[in-house]
Amino acid sequence: MGISLIFLSLTYFIQPPFFHHLVMLLLATYIIGYQTGFGPVTWLLLSEIFPLKERARTASICTLTNFCANWVVLFGFDFVRVWCGDSLQYAIYAVLALLGVVFVYLKVPETKGLTLEDITKRFSAM
């Protein structure tokens, strides 16, 4: 995902003869990488992080927050592009993707093989 964004930034900077085809390929690669890798992390965490009795309400708040953040990115896209250009914009997104991966690696505990009750106990202790 981040690698696609880095190459997308470089593609906009260099603008090779096959520019449009490469941009489409890199955007498709980014979408595939996001949907199979980092994208589901949000929804997985929502299903595990909150206690059962609070899960519906907190998941609703988190979903609303996620959609609001998506709205900000969507409507801010053109402003950022005009402000800094296409190449730098995708470089910024690549840095943000890298920071997201670092955050998940450092702060999100592994829950593989744990029951929901064990996960709730672990998160309650944090």
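Asks: When you look at the overall build of the chain in this model, what are you seeing that I'm missing?
Replies: Secondary structure summary: the chain contains five helices and zero strands in total. Its helices and strands in sequence order give the chain the pattern α-α-α-α-α, from N to C terminus. Scaling as 2.2 N^0.38, a compact globule of 126 residues should have a C-alpha radius of gyration of about 14 Å, whereas the chain reaches 18 Å, well beyond that. Expressed along its principal axes, the backbone C-alpha trace of the chain runs to roughly 55 × 30 × 20 Å.

Asks: Would you take a moment to explain the layout of surface pockets for this structure?
Replies: In this approach, a probe sized like a water molecule rolls over the atoms, and the result shows the empty space that is left. The space that makes up the largest pocket amounts to roughly 1,000 Å³. Around the largest pocket sit 27 residues that line it, and Tyr30, Tyr34, Phe38, Asn70 and Val73 are the ones nearest its centre. Of all the secondary-structure elements, those providing two or more residues to the lining of the largest pocket are helix H1 (2–14), helix H2 (19–49), helix H3 (55–84) and helix H4 (86–107). In terms of residue count, the dominant contributor to the lining of the largest pocket is H2 (10 residues). Tallied by class, residues from the lining of the largest pocket come to 20 nonpolar, seven polar and no charged. Taken together, Val41, Leu44, Leu45, Glu48, Val104, Val108, Pro109, Glu110 and Thr111 form the lining of the second largest pocket. Of the residues forming the lining of the second largest pocket, the biggest block, four residues, is contributed by H2.

Asks: Before we go on, may I ask you to explain the nonpolar core in this structure?
Replies: For soluble globular proteins, nonpolar side chains are generally found buried alongside one another. Residues Leu5, Leu8, Tyr12, Phe19, Val23, Leu26, Tyr90, Ala94 and Ala97 constitute the largest nonpolar core, which totals nine residues. Going through the elements one at a time, H1, H2 and H4 are the ones with two or more residues in this core. Phe19 has contacts with Thr11 and Tyr12, leaving out every residue within four places of it along the chain.

Asks: Honestly, the confidence of the model for the chain in this entry has me stumped. Any pointers?
Replies: In regions of low pLDDT, the predicted coordinates are not meant to be interpreted in detail. Overall, the prediction assigns the chain a mean pLDDT of 88, with 99% of residues at 70 or greater. Mean pLDDT values over the elements of the chain span from 78, in helix H5 (residues 116–124), up to 92, in H1.

Asks: Before we go on, may I ask you to explain unusual backbone geometry in this structure?
Replies: As a rule of thumb, non-glycine residues mostly have phi less than zero, and peptide bonds are mostly trans rather than cis. Positive phi, close to 50°, is recorded for Gln15, a residue that is not glycine. As for its placement among the helices and strands, Gln15 is situated in the loop between H1 and H2.

Asks: Help me out: how do you make sense of the side chain of Thr11 in this one?
Replies: Here Thr11 lies in helix H1. Not counting the four nearest positions on each side in its chain, Thr11 is found in contact with Pro16, Phe19, Leu22, Val23 and Leu26.

Asks: What should I look at first to understand the environment of Tyr90 in this one?
Replies: Here Tyr90 lies in helix H4. Separated by 84 residues in the primary sequence, Tyr90 and Ile6 have C-alpha atoms spaced 6.9 Å apart.

Asks: Before we go on, may I ask you to explain the packing of aromatic side chains in this structure?
Replies: Working definition: an aromatic ring pair is given by the centre-to-centre distance plus the angle between the planes. Per the stated rule, a full pass over the model turns up seven aromatic pairs. With a centroid separation of 4.9 Å and an interplanar angle of 50°, the aromatic rings of Trp71 and Phe75 are classed as tilted. Linking Trp71 with Phe75, this pair stays in helix H3, spanning four residues, or about one helical turn. Geometrically, the ring pair formed by Phe77 and Tyr93 is stacked, given 6.2 Å between the ring centres and 25° between the ring planes. Here the residue Phe77 occupies a position in helix H3, and Tyr93 occupies one in helix H4, the gap between them amounting to 16 residues. Here a set of aromatic residues connected by ring pairs shows up, and it is made of Tyr12, Phe19, Phe77, Tyr90 and Tyr93.

Rules and cut-offs
Residues numbered from 1 in each chain as written. Predicted model: local features only at pLDDT ≥ 70, side-chain atom pairs only at ≥ 80, totals over all residues. Heavy atoms only, no water. Helix = DSSP H or I, 4+ residues; strand = E, 2+ residues; numbered from the N terminus. Rg over C-alpha atoms; globule rule 2.2 N^0.38 Å. 1 Å grid on protein atoms, 1.4 Å probe; cavity = no way out; pocket = protein on both sides within 12 Å on 5 of 7 lines; lining within 4 Å. Points joined across faces, edges and corners; volume = space filled by probe spheres on them. Nonpolar A, V, L, I, M, F, W, Y, C, P; charged D, E, K, R; others polar. Core = buried A, V, L, I, M, F, W, Y, C linked by side-chain atoms within 4.5 Å. Buried < 20%, exposed > 50% of the residue type's maximum accessible area, 1.4 Å probe, protein only. Contact = heavy atoms within 4.5 Å. pLDDT = per-residue confidence, 0-100. Phe/Tyr/Trp six-rings, centres within 6.5 Å; stacked < 30°, edge-to-face > 60°.

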